[in-house]
Structure formats: structure tokens, C-alpha cells
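Topology and contacts: notes
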Amino acid sequence: MMTKTDPFANRPPVETALFDFFKIGPGPSSSHTIGPMKAGHDFLVLLQNTDPKLVASGTALEVTLLGSLSATGMGHGTDIAVLAGLLGNTPEHCPPGLLQNMRENPQAIYQFKVGSLSLPLSLKQITFGPVKHDSPYNNTLVIRLLDANKQTIAEREYYSVGGGFVQWKGWQEPKRGTPAHPYRSMHELQQRLKETGLELHELIIENEMAITGMSRPQIWQHIDELKMAMFESVEHGLLGFGKLPGTLGVYKKAQAILKHYQGHNLLIDQLLGRINAYAFAVSEENASGGVIVTAPTCGAAGVIPALLYAMREDLHIGARALNEGLVASAAVGMLCKHNAGIAGAEVGCQGEVGVASSMAAAMLAHALGYNATVVENAAEIALEHHLGLTCDPVGGYVQIPCIERNAMGAIKAYNAVLLATAEADTQHKVSLDAAIMAMNEIGRNMNIKFKETSAGGLAVSVVEC
Ligand code: SF4
């Protein structure tokens, strides 16, 4: 590696839990759908824990979407997601088809109930506010309960910080256990692996046990459930046909891609064609508001399942290695989140599809039994060659360029493993930390036009018919 210094030496250790990172929920966007739904649900819980007399004096609820949530919230269904959250739904338990039904009935009036308070609630109460604002985070939404004099009874300013994570003004990290093997960077993680003699997945599992208090069998069972949810999203997506929701008129293509490459005379085309089809399947499922796993986000949810499914179906890798690979991928994703960002609105698409591709490369290299240096090199190559990638979804829909981009991210991950396993592991020049540091710098300096606002790039150059 070119540098052995640790650029993140002054940061706190990574304390993200695996299951905060990988979340099952409805698409199309972790920051614009899952996060806002959680915010709506959190506000409901806040009122449930507020003086009932005060809450009963409420006469109106107001929701204001700001920044990227306002710019592309319509295409991402942000308004519908907040509404569903306020009505008591959570991403994990959101009934299938609920968001689609709500989208198809925009005039519907619902009842918002807390204790003795019952207020009519509809999409009309959700305002798309200014794209430029003073809040500290681009993806901001404010929810208020007002009394008859328009005085605020309760208010919370939420930040949807990517990957379905939500914070708010005055939010404090919940108290949890501390990691058994603390690390702030890949450099430190490699050191911990050398000191302990643990394999990468074993170290991450020991940290997870210490942070969450979950037992080892509970954690492995949950990983297995995540893997099965990813497989279901591939298989369900492969059954899809017709057009995706929205005004772009984009057709679902996963099935057609799969058929096209069946029996193709080049074996490599058969494999790459299938990985493409699997990535399209999940991304089309996501764009339809179907259930996916954030990996690390909804927009990039097709990359890891595509490679994971191919690893089972086409490379015939066993279930245990798949699960261990998934855990190794999370180590990479958590480092990217901790030291740069994983939201298109924060650092562009390099933080979504770029990070997903990097995670997928780590997953495959680890599942194939390569050492942690090769795993890092594969992850680094995949991330390095997504640096600078902008987020410019056409019409604010997670369709163009997102769906094809997921397929490209999965294929690049496969190629990154080919490159990393063909060189001596010590000859690789760039560390993963250096690539993450570059992503952070590029993301912070990226014009807001290219951060999920649909104000630049393809979102402007592609003319909607
Ligand atoms: S362009 Fe990339 S970051 Fe932006 S919405 Fe699409 S997948 Fe997400």
C-alpha cells in the first residue's frame, strides 16, 4: 500500500450495529422513503410519550420537507412514507402494497390518533419546502403538532442521514455496549485481526455481540434472514413485467435479460448476463416500492444481492461462506459510513452504488477464502473506480441511472475480485482508507446539483417524454 498512516486516527471507533446497517423495508429510497417513514413513526411515539392533555389540544399536524427530500421527494414517495409512519407503520412491518395503494389514492383522508386526539390527515398536510435551507443536514424534515392558535405543541426537526438512519435536533447516540475489538479505520481493523488471530467475520460478530447484547446464534440467524430476504427480492423481481411506477415509462427488464443470456455461446456472457439480471430484478423491485434490504441503501440495494445470488446459483458457494461474506461486506460498508457517507444526498452515488460495489467485492473475496488483505484490496478497487460518481436521478425516480448502475456496480465488484486475486496482496498500492478519504473529500466538494436534487447531470440532460 502507498500509505500506512491512519487518516482517521482522531475519529471515534465504529459502533454501528450490523442490523442497523442492513434493514429490510420498502423502496425506493432509504434516505427518502425508509428514513422519512421512521421519522413519521418516531413523531407518533413522541406524542404518545407527551402529556396527554397537551396532545389532546392539538388541531393540526404539519410536515415540511426540505433540501433533497423536497427536490426529489415526489418521485421517491417521501410524502407517502412520512404519512404511513405517522399512521403507525414502520419499514420492517409495512404491509406489502401499502405505499402503492396510498400513492394510487392521493386524495384519501386518514385519521391520525394519539390517546384521545383524532385528527384528519392527508397528503395535503405535507409541504415540499425550500431546497436550500439552513439546517445542518441536506435531507431534513420538520413535523409539528399545532393548537387552535397555531402555537406549536410539539416539534421535531429530523435528519434522514442515509441508509435509513434517522437523527433529529438534539439527538444523542443511544447508549450501547462498546465494541470488543474497537477500530476506526481499515488500517486499525487489520491490526485487530493480526492481534486476535480472528477471521474478519468472527471479529465483526464479536463486536456485534458486545454492542447489541445479542447472542452469536441470534446474530447468525438474523444474517440468514437477511440473506433470504435478499434472495426473495431477486426472485420476486425476476417475475416482474410491465412498466415501473412514475412518469418515465421505464420498462422492467430483469426477465428479458435473464432469458437473453440463457444458453449464450460464451460462458462468461452467461454469468455476467445473469448477474445483470439479478441486479435489475432487485432494483426494479425497489423502484416499484417492493421490499428490499438496504445494502447500504435502497437505491443501491441490487448490487450485493445480485452477486450473492450468483455466488449461490452460479458459483455454487455454500450457505455458510455466503453468510460470512455478508458479514465481511458490512465491515467495509460501516467504515465507509463512519468515515465518509453512504447517502447520495451527502456524497453522491459513489456513497451508494460505489460503497455497495466495494462491499460486494469484499463479500465475494471473503467467501472465496482469501485473506483480509485481499478482501481489503478488492473492496478498495471497487470503491476507487466509483469515485466522483454523481447522484442525478431523472425525474427524481430511483430508475435512471440507478437500475443499470446497480448492474454495473455488481459487475465491477466481480472484476475487482479478479484484479485483487491476480496480484500479490502486498503489491497493492492504495489502501481502502485512502479511497474512503478521497470519497469523503470529493463528496463534500460535490456541487449540490449532483447530490440527489435532480438539478444537474442526467436529470437535466435526459428529456422526459
Ligand atoms: S443515482 Fe445513485 S445515489 Fe442517486 S438515487 Fe440513484 S442509486 Fe441512489
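What you see is a predicted model; the values in this text were computed from it and never measured.

Criteria and cut-off values
Residues numbered from 1 in each chain as written. Predicted model: local features only at pLDDT ≥ 70, side-chain atom pairs only at ≥ 80, totals over all residues. Heavy atoms only, no water. Pairing = 2+ DSSP bridges. Helix = DSSP H or I, 4+ residues; strand = E, 2+ residues; numbered from the N terminus. Axes fitted to C-alpha atoms, helices over the stretch in contact; angles between N-to-C directions. Near = heavy atom within 4 Å. 1 Å grid on protein atoms, 1.4 Å probe; cavity = no way out; pocket = protein on both sides within 12 Å on 5 of 7 lines; lining within 4 Å. Sits in = over half its atoms within 2 Å of the grid points. Nonpolar A, V, L, I, M, F, W, Y, C, P; charged D, E, K, R; others polar. Buried < 20%, exposed > 50% of the residue type's maximum accessible area, 1.4 Å probe, protein only. Domains from an automatic or database assignment. Buried area = accessible area lost by both parts, 1.4 Å probe. Salt bridge = Lys/Arg side-chain N within 4 Å of Asp/Glu carboxyl O. Polar contact = N/O pair within 3.5 Å; in protein donor to acceptor, adjacent residues only side chain to side chain. Points joined across faces, edges and corners; volume = space filled by probe spheres on them.

Glancing now at the sheet that holds strand 8 (residues 165–168). Reading across the sheet, the five strands line up as 5-2-6-7-8 and stay open at both edges, with mixed pairing between neighbours. Strands with a single pairing partner mark the edges of an open sheet, and in this sheet they are strand 5 (126–128) and strand 8. Going across the sheet, the axis of each strand differs from the next one's by a mean of 25°, ignoring polarity. Pairing geometry for strand 7 (residues 152–162) and strand 8, over four bridges, is antiparallel.

The next point concerns the site of the ligand. Taken together, Gly299, Gly344, Cys349, Glu352, Cys391, Cys402, Arg405 and Glu452 form the complete shell of residues around the ligand. A majority-of-atoms criterion places the ligand in the largest cavity. Its residues placed into classes, the shell around the ligand shows three nonpolar, two polar and three charged.

For strand 7, the tally of buried residues reaches nine of 11 residues, placing the bulk of the element in the interior. Alignment of strand 6 (residues 140–146) against strand 7, held across seven bridges, turns out to be antiparallel. Residue pairing in the sheet places isoleucine 143 in a bridge with arginine 156 of strand 7. Following strand 6, the chain reverses through five residues before pairing antiparallel with strand 7; lysine 150 in that reversal takes a positive phi of roughly 65°. The loop that links strand 7 with its antiparallel partner strand 8 comprises two residues; one of these, glycine 163, has a positive phi angle of about 65°.

Now for the domain arrangement of the protein chain. Examined at the domain level, the protein chain breaks down into domain 1 (18–22 + 180–461) and domain 2 (28–168). The contact between domain 1 and domain 2 buries some 1700 Å² in all, and 61% of this surface belongs to carbon and sulfur atoms. Along the contact surface separating domain 1 from domain 2 lie zero salt bridges. Put simply, domain 1 and domain 2 have nine residue pairs in polar contact (both at pLDDT 80 or more) between them. Secondary structure elements with two or more residues in the side of domain 1 that touches domain 2: helix 1 (18–21), helix 12 (267–287) and helix 15 (344–347). The residue makeup of the side of domain 1 that touches domain 2, split by class, is 11 nonpolar, nine polar and five charged.

This next bit is on empty space enclosed by the protein. Following the criterion strictly, the structure yields three cavities of 30 Å³ or more and no others. By volume, the largest cavity is sized at about 160 Å³. Gly299, Glu352, Cys391, Val398 and Cys402 are, among the 17 residues lining the largest cavity, the residues nearest its centre. At three residues, the largest contribution of residues to the lining of the largest cavity is made by helix 18 (residues 402–421). Within the lining of the largest cavity, the residues separate by chemical class into eight nonpolar, five polar and four charged. A volume near 60 Å³ is recorded for the second largest cavity. Residue lining of the second largest cavity: Val14, Glu15, Thr16, Tyr183, Ile204, Asn207, Glu208, Ile211 and Met334, and that is the complete set. Element by element, the count of residues in the lining of the second largest cavity is highest for helix 9 (residues 200–212), at four residues. Its residues placed into classes, the lining of the second largest cavity shows five nonpolar, two polar and two charged.

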